[in-house]
Amino acid sequence: MSVIPMQKVRVAVHQSDVDALMRILQRSGAMEFRETNLPELTPSLSEFPHARLFARVHHAVAFLKPYEPKVSLWRRLRDGSQTSFTEAELRQKMSDTDAIQSVVSDLEKVQVEFAEVNEQIRFLEEQHQLLFEWKQLPIRLQDLHTKTTNTFLLKTTNSKINLKKVLSDTVQRYELSAMIVEVDSTHVAFVVEKAADDQKVKEVIESANATVSQIPAGVETPEVEFAAVSEKFAEAKGALGLLHDQAEHFAITHYRQLVIANEMLTWERERYSTVEQGVSTVHTTVFDGWLNAHKRESVESAINAEKVAAVISEVELEEGEEPPVDIVNHPLVQPFEAVTRLYGMPGHKDLDPTVFLAGFFFLFFGLSLTDVGYGLFLMVASIAILTLFKVSASIRLFAKLLLFVGFATVLVGLLFGGYLGFDPSLLPAPLQALQLFDPIGNPLPVFYLALGLGVVQVMAGLVIKIYSEYKQGRLVGGILDQGPWLFMFTVGILYLAVATGYTSIISTDQVVNLAYVGIVMIILSSGRKGVGVLGKIQSAAGALYSSIGYFSDILSYSRLLALGLATTALAFAVNLIAEIVSGSVPYLGPVLGLLVLIIGHLFTLAVNTLGAFIHSARLQFVEFFGKFIDGTGKEFSPLSRKETHVTILDE
């Protein structure tokens, strides 16, 4: 339930045990490495033994990806996408790569055939198109060039002109001896003597606005060659189809095996690339980095158990150096880390805000959605994910978050009378008795509730800031900075209580006098930070001006009312449209009305759930976190095994 302490460490390990140490650290996910700054030592070099195999496997996976066996979403969720291994099985697989080598070699042969057939198809397709264009040319292709003549196949894109006539006129003008064979109005064969002036021939062609077409490959007339190429083209397409079938069968048989091998080789590659961040002597390699203090004991125990010759020593932080940040929370609070991580990690000296935001986010989400039906849907969906499906740890955490906020929505929905947009007066009396608010008929109480919750959260932020300052040895400063504002908020609450007749223990004038005292406290506490008289005045004035910021922060909580109203209004609109559709179309009306209800409420649920999440998170990020978090930290990124397709079981 805190920011995990990080130790800046230096690890020295004997050269023979480098890989064993890296395996321990990667398995534990305990250390983030950084470049080791010891100029007197030699940069550490490591050669990834399976570098070539990794590249081949990676290429094989990419090649087979389009042929990946199709699995229904239900089966994918039910069975999961990960294969489980023990550490011993993992080591066995990585030590015996002959099987995967054989599979990759067989696949590479298929890939070569694919390349050859595709190249053949590309060539035949070009020839097919070219021969089709000159299909009516009544000249054998081998006769287009003789010892005494050159033949040009000319074409024009202007279908309004007769190319043969234009070319004939141009030839006469240039006094050139030539023969013109017309294929159609835009295509001709232009035959000239080899002895003809090349420049003249070029000018004739350009003057006729014609372009020279490539002469098709072949011997016979284009029509005969077209038929032959068409046959070869069909054969090549058939061969390509057989190769696709072969690749699909290969994917069914070996794709999963290749994906698993690719992930394991990726882990190994990351280990070896990390070694290059260290420096070496003849017998020792040294690494610098950040170690998760909570895991240090288990890491050192694993080092001793596996008899690895390595020593971990803590290093003093340099001036201004900040360690990376990670957080840990109780299982009930952990799902709300998704909100914290969306904002960014707190600074390494800040408190972890997750435990503080959890209750507020829980309540604000419910106030934004305010519908029992929608809340039950979220709960059922999350319970299904948690109990019926095999999903990754991150998805399970998000499902737990959905379960919590769905429960919050049900609770708030009972108090607000939100039941899929239906009139609460039609419900059983016990449910009607639970309703305390009517956001449509009387929204002001909800508005006051939203602002009241805003005051509570802002004040909580100020109290947490005092606690944070206390943890860092600055309790007096924290009280002087935040105490006057807490006093002013308390005075404001007291004033409302007196003005509304809720209490009479103090008069309105006395509350106003207390407010003056609070203003003086703010001026004195803030003025102490200024340098010189002018600086103190400026600092005090700035503190008083920040009261506008507090006022706008509290007004921001009115969005809870707006979102709750939007949910109710949209649900009511869906029901109204369904009712109209149901009665307007004979026979099919009820069916169409039911479709409108299902689609409409699903759409409303999706839109309002997204809005509830975004705006509830925004209230945490802007109005709450800013009160006690000074800045964001760099997230801890240790050497670890990112388990996408493989899960390693504890032995």
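About the cut-offs
- Residues numbered from 1 in each chain as written.
- Predicted model: local features only at pLDDT ≥ 70, side-chain atom pairs only at ≥ 80, totals over all residues.
- Heavy atoms only, no water.
- Helix = DSSP H or I, 4+ residues; strand = E, 2+ residues; numbered from the N terminus.
- Rg over C-alpha atoms; globule rule 2.2 N^0.38 Å.
- Buried < 20%, exposed > 50% of the residue type's maximum accessible area, 1.4 Å probe, protein only.
- Contact = heavy atoms within 4.5 Å.
- Areas by Shrake-Rupley, 256 points an atom, 1.4 Å probe, with all protein chains shown as cover.
- Lys, Arg positive; Asp, Glu negative; His and termini not counted.
- Charge placed at Lys NZ, Arg CZ, Asp CG, Glu CD.
- Axes fitted to C-alpha atoms, helices over the stretch in contact; angles between N-to-C directions.
- Parallel < 35°, antiparallel > 145°, perpendicular 65-115°, else oblique.
- Left-handed = near helix turned anticlockwise from the far one by under 90°.
- Nonpolar A, V, L, I, M, F, W, Y, C, P; charged D, E, K, R; others polar.
- Phe/Tyr/Trp six-rings, centres within 6.5 Å; stacked < 30°, edge-to-face > 60°.
- Salt bridge = Lys/Arg side-chain N within 4 Å of Asp/Glu carboxyl O.
- Pairing = 2+ DSSP bridges.
- Expected span 1.5 Å × (residues − 1).
- Patch = residues over 30% accessible without salt bridge, like charges linked within 9 Å, V, L, I, M, F, W, Y side chains within 5 Å.
- Core = buried A, V, L, I, M, F, W, Y, C linked by side-chain atoms within 4.5 Å.

### Overview of the overall build of the protein chain
Helix and strand counts for the protein chain come out as 20 helices and 16 strands. Here the protein chain has a C-alpha radius of gyration of 38 Å; the compact-globule value for 651 residues is 26 Å, and the former is much larger. With the principal axes as the frame, the protein chain shows a C-alpha extent of 120 × 85 × 60 Å. Sorting the 651 residues of the protein chain into buried and exposed places 42% on the buried side. For the protein chain, the proportion of contacts with a sequence separation of at least 24, taken over those separated by at least 6, is 79%. For the protein chain, the accessible area works out to roughly 34800 Å², and carbon and sulfur atoms hold 62% of it. In the protein chain, 52 positive and 69 negative side-chain charges are present, and the distance between their average locations comes to 1 Å.

### Side note on the packing of helix α11 (residues 354-369) against helix α20 (residues 589-628)
Interaxial distance between α11 and α20 falls to 9 Å at its minimum, and their mutual angle equals 140°. Between α11 and α20, the angle is such that the two are oblique. Between α11 and α20 lies a crossing whose hand is right-handed. Together, F356, L357, F360, F361, F364, F365, S368 and L369 of α11 and N608, T609, A612, F613, S616, A617, L619, Q620, F624 and F625 of α20 make up the contact between the two elements. Split into classes, the residues belonging to the contact of α11 with α20 amount to 13 nonpolar, 5 polar and no charged.

### Structural notes on the packing of aromatic side chains
For the structure shown, the criterion picks out 26 aromatic pairs. Both rings, one in F336 and one in F361, keep their centres 6.2 Å apart while their planes meet at 80°; by these two values the pair is edge-to-face. Within this pair, whereas F336 is found in the loop between β13 (327-328) and α10 (337-343), its partner F361 is found in helix α11, the two being separated by 25 residues in sequence. The same class applies to F336 and to F361, which are both buried. Note on F447 and Y448: the rings are 6.0 Å apart at their centroids and 55° apart in plane angle, and the pair reads as tilted. What links up through ring pairs into an aromatic cluster is the set Y343, F356, F360, F364, Y557, F621, F624, F625 and F628.

### Some thoughts on the pattern of salt bridges
In this structure the tally under the stated criterion is 23 salt bridges. E68 is the salt-bridge partner of K65, the closest N and O atoms lying 3.0 Å from each other. Between R122 and E126 there is a salt bridge whose closest N-O contact spans 2.6 Å. Note that R122 and E126 are positioned in helix α5 (residues 98-133) at a spacing of 4 residues, about one turn of the helix. Owing to a relative accessible area of 38%, R122 belongs among the partly exposed residues under this scheme.

### Some details on the sheet that holds strand β6 (residues 149-155)
Taken in spatial order, the 4 strands line up as β7-β8-β6-β9 in an open sheet, and their pairing is antiparallel. Whereas interior strands pair on both sides, the edge strands pair on one side only; in this sheet they are β7 (178-184) and β9 (211-213). Averaged over all neighbouring strand pairs, the angle between strand axes comes to 35°, with direction disregarded. Here 6 bridges tie β7 to strand β8 (residues 187-193), and the two strands are oriented antiparallel to one another. Across the sheet, residue D184 finds its bridge partner in β8, namely H187. Contacts between helix α7 (residues 198-207) and the sheet are confined to β6, β8 and β9, with β8 contributing the most and set at about 160° to the helix.

### Regarding the packing of α11 against helix α19 (residues 559-584)
Helix-helix packing is described using two parameters, namely the angle between the two axes and the distance between the axes. Close contact between α11 and α19 brings their axes to 6 Å; oriented N to C, the two are set at 45°. One element, α11, and the other, α19, form an angle in the oblique class. Between α11, through F364, L367, S368 and L369, and α19, the contact on the second element is made entirely by L560, L563, G564 and T567. When grouped by side-chain class, the residues that make up the contact of α11 with α19 number 5 nonpolar, 3 polar and no charged.

### Points about helix α15 (residues 444-471)
Helix length check: α15, at 28 residues, gives a terminal C-alpha distance of 41 Å against a target of 40 Å (1.5 Å per residue), a fit within 8%. Count one or two residues on from α15 and you reach G473, which has phi positive near 80°.

### Quick notes on the environment of P445
When you line up the elements, P445 lands in helix α15. By relative accessible area, P445 is classed as partly exposed at 30%. Once the C-alpha coordinates of P445 and A499 are considered, the two residues, 54 residues apart in sequence, prove to be 17 Å apart.

### Quick look at a nonpolar patch on the surface
Residues F377, Y587, L588, V591, L592, L594, L595, I598, I599 and L602 make up a contiguous nonpolar surface patch of roughly 1000 Å² in combined accessible area. With 7 residues, the single largest contributor to the nonpolar patch is α20. Secondary-structure assignment places L602 in helix α20.

### As for the nonpolar core
Counting residues in hydrophobic clusters, the biggest one holds 52 residues, and the most contacted among them are V57, L64, L107, F114, L258 and M264. Secondary-structure elements contributing two or more residues to this core are α2 (51-64), α4 (87-95), α5, β7, α8 (222-275) and β16 (646-649). Counting residues per element, this core draws most heavily on α8, at 18 residues. Once residues lying within four places of it in the same chain are set aside, the contact partners of L107 are A60, F63, L64, F250 and L258. Judged by nonpolar contacts, the second largest core, of 51 residues, contains F437, L561, L605 and F624.

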